[in-house]
Every structure is written in structure tokens, then in C-alpha cells.
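Listed below are the residues making up each chain.
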Amino acid sequence: MNSDTQKLIDDLLKILEHPLLKVGDSTVTLSSLIVFGLVIVLVFLGELLLRRYVMRRFLQHTHLQPAMQYAIGKIAGYAFIAVGFYAALKLVGIDLSSLAFVAGALGVGLGFGLQNVISNFVSGLIILAERPVSIGDRVELGDVGGIVTKINLRSTNIVTNDNITIIVPNSDFITHKVTNWSYGDPKVRIRVPVGVAYGTDPDKLVGLLLEVATEHPKVLRDPVPEVYFVAFGDSALNFELGVWTAEMTGKPRTFRSELNFAIERKLRTNKIEFPFPQRDLHLRSGSLILQTPGATPGQIDVRPTEG
């Protein structure tokens, strides 16, 4: 090795070992930063392999539900990353005890500037631990409704029936009221209102509605469908068909539409009349203007009315 090459190597080593900053009793150099970066890359790759292969293959042989397996894999991955960061700092010679002041300053900064991020992160951990919402659940949060497809550190992905992905902050699931259609038991009851004209035989109508329910392939036979006489409306007798389903939990609007189509066909075939608004008009005083069909505008009869 000639002198020029040796000199170049020595200069490069001096650059790599040149102190950049001092943290407590530890000195951070360019070489330590490079080592730290490489270790962090290896940590994230290791977390990916751990979660995708080791944990998945191990958990698939258990009797845990898929949502629980996903939660355990996520939490194990976060723990692996935390341990990896600790090991990377120790490897480059940074004394963690010297970072107490820095950690305190960062804590204050996080409290003011990143409180929403931290809140969503903690909420994500709570969701994964308590599992009020799991992968595959159909949820409704405000005006957002759909299937939960992914729970991340900061947010949760919800896919609507229109195949639109809505990203919801995790804190919303903790601080707001959430309707989970799939929590605990996948069976749900769908209620379909039905109005018929006055004069309709209620017993006949109940039989027809139950026929519609039993003929639909996605309606459960147990619990059995039921029909409720809700009220005497202004223009109609109001009934309600209640059916149970497990397959159509993710598509309640489609399920109701299919039942409505089937109910309309069934009632039309059996000559059941649908109601229309009816109003009685009472004139107490004044004049009633009548115009005979085909009359010209000038041929108008004005007939007094008696109150």
C-alpha cells in the first residue's frame, strides 16, 4: 500500500472519528451515527421478519382469533423496536442515564407540540390490547361506516361499501361513541319498516312478510324472523319485519334493499295495497271557485259556501 492510499485512509478515519457532539459523558461521531443507522435498519427488518413469519406461523397454530393474533403480532413488533433502539444506543456508546435531561425536555415538547400524535399512539395500543375494534369488524363512527382493515400506530383504516378507504385517528375510537356491528357475536338483527293501506288483513300480511324472510338465503332461521305491528299511522298500518343475519353484517344497506324488493313483489302479487297520503279538506267560509272541464277562462262559476 503506497503512502497516498494510506494517507487517504487515515484522513477518512479521522473524519469518521471526529466528534460531532457530546451527550453527557458520551461522544457522538460520524462512525457511531453510521453504525446507529445500520442497526436501526436491521431492527426494522428484524421486526418485519418477526411479525410476518415467526409470530404469524406460531400464532396460526393456536386457537386465538385472527384479530387477537394480529394484535399480539403488532404489540410484539413494537416491543422489538423499542428493545432494538435501546441496543443501538448502547452499541454506539451513548449512556442512557445522560439523556435524562434531554428526555425531560422532549417530554415537555411532546406534551405541547405532539400531544395528538402521542394520544393516537397510546389509543392504538389500547385498541390492540382491549380490542374494542378488531380487524374485520364493521363499525360506525359518526358519519363513517365500513370494515376495519388495518390498525396502525396513529390511525385505523376503514373501507366503506363503496371501496373508499377512510383513515380515522385512533383517539376517536377511545373518546367517541362507536357502533361495532361485529363485537362478540356476528349476528345482527335488521329491521325493515313496511306500511300498508287501511283495510289490509294483518294476519295475511304477517304471513307474507314471514314468507319473504324464509325465502331469503342470507336470513337466519335461528333466531326466527318476527313481524311487529308498530302503529296506526295517518295513512297506513305500520309494521316492521325483523330478521337476523350473520353474512350481511358488512352490507346492511344491500340487505335491506334486497328485502324491500322481495316485499314489494310479494305484496303486489297478493294484491296488498300500499298507502298514499290522504287528507280531508274542510271549508268553513268564503267562496269556492269551480271551473268546468274544457271551459274558457271567462266561464267560471262562483258558488257561495255555507260555514
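This one's a predicted model, so the numbers in the text were calculated from it and none came from an experiment.

**Student:** Where do I start with the overall build of the protein in this structure?
**Tutor:** Scanning the protein from terminus to terminus reveals eight helices and twelve strands. Scored against the burial criterion, the 307 residues of the protein give a buried share of 30%. Relative to all contacts within the protein whose residues are 6 or more apart in sequence, the contacts with residues 24 or more apart total 56%. Total accessible area on the protein stands at roughly 20300 Å², and carbon and sulfur atoms take up 60% of it.

**Student:** What's the story with the environment of phenylalanine 44 in this structure? I'm lost.
**Tutor:** Relative to the helices and strands, phenylalanine 44 resides in helix 2 (residues 30-59). Between the alpha carbons of phenylalanine 44 and tyrosine 78 there is a distance of 9.9 Å; along the sequence they are 34 residues apart. Beyond its immediate stretch of four places on either side in the chain, phenylalanine 44 contacts Ile81 and Phe85.

**Student:** Can you walk me through the sheet that holds strand 3 (residues 138-141) in this structure?
**Tutor:** Ordered by their spatial adjacency, five strands build an open sheet running 6-5-4-3-7, and the pairing between neighbours is antiparallel. Every interior strand has two partners, whereas the edge strands, strand 6 (165-169) and strand 7 (179-180), have only one. Strand direction decides the pairing type here: strand 3 and strand 7, joined by two bridges, are antiparallel. Of the residues in strand 7, the one forming a bridge with valine 139 is asparagine 180.

**Student:** Explain the sheet that holds strand 10 (residues 237-245) to me, please; I cannot follow it from the model alone.
**Tutor:** What links the strands of a sheet is backbone hydrogen bonding, and the strands pair in either a parallel or an antiparallel sense. Ordered in space as 8-10-9, the three strands form an open sheet in which the pairing is antiparallel. Edge positions in the sheet fall to strand 8 (188-196) and strand 9 (226-232), since each has one partner strand and no second. Pairwise comparison of adjacent strand axes, ignoring direction, gives a mean angle of 25° for this sheet. Pairing of strand 9 with strand 10 involves six bridges; the strand directions are antiparallel. Within strand 10, the position partnered with alanine 231 by the bridge is asparagine 238. Along the sheet, helix 7 (residues 202-215) makes contact with strand 8, strand 9 and strand 10, crossing strand 10 at roughly 25°.

**Student:** Mind showing me how you'd approach the packing of aromatic side chains here?
**Tutor:** The geometry of an aromatic ring pair is captured by the separation of the ring centres together with the interplanar angle, meaning the angle of the planes. For the coordinates displayed, the defined rule picks out four aromatic pairs. Ring centres 5.1 Å apart and planes at 50° place the aromatic pair phenylalanine 229 and phenylalanine 232 in the tilted group. The class for phenylalanine 229 is partly exposed, based on a relative accessible area of 40%. A residue is classified by how much of its surface remains accessible, and phenylalanine 232, at 63% relative accessible area, is exposed. In textbook terms, an aromatic cluster arises when at least three aromatic residues are bridged by ring pairs, as seen for Phe36, Phe44 and Phe85. We note arginine 138 situated over the ring of tryptophan 181; from NZ or CZ to the ring centre the distance is 5.8 Å.

Basis of the calculations
Residue positions are given per chain, counted from 1 along the sequence in the order it is written. Residue-level local features of this predicted model are given only where pLDDT is at least 70; pairs of side-chain atoms are given and counted only at 80 or more, and the full residue set underlies all totals for whole chains, interfaces and linings. Hydrogens and water are ignored here; the side-chain numbers use all heavy atoms of the structure. Put simply, DSSP marks the helices as runs of H or I at least four residues long and the strands as runs of E at least two long, and each gets a number from the N terminus on. Under the scheme applied here, a residue whose accessible area is under 20% of the maximum for its type counts as buried, over 50% as exposed, and between as partly exposed, the area being computed with a 1.4 Å probe on protein chains only. Whether two residues are in contact is decided by their heavy atoms, any of which lying within 4.5 Å being enough. Residue exposure ignores everything except the shown protein chains as possible cover, and the areas themselves are Shrake-Rupley values with a 1.4 Å probe. The rule for pairing is simple: two strands pair if DSSP sees at least two bridges between them. Here, axes are lines fitted to C-alpha atoms. For helices the fit covers the stretch in contact, and angles between N-to-C directions go from 0 to 180 degrees. Aromatic rings from Phe, Tyr and Trp, with only the six-membered ring used for Trp, were paired whenever their centres fell within 6.5 Å, and each pair was classed as stacked if the ring planes differed by under 30 degrees, edge-to-face if by over 60, and tilted otherwise. Any Lys NZ or Arg CZ that is within 6 Å of a ring centre and within 35 degrees of that ring's normal is treated as a charge sitting over the ring.

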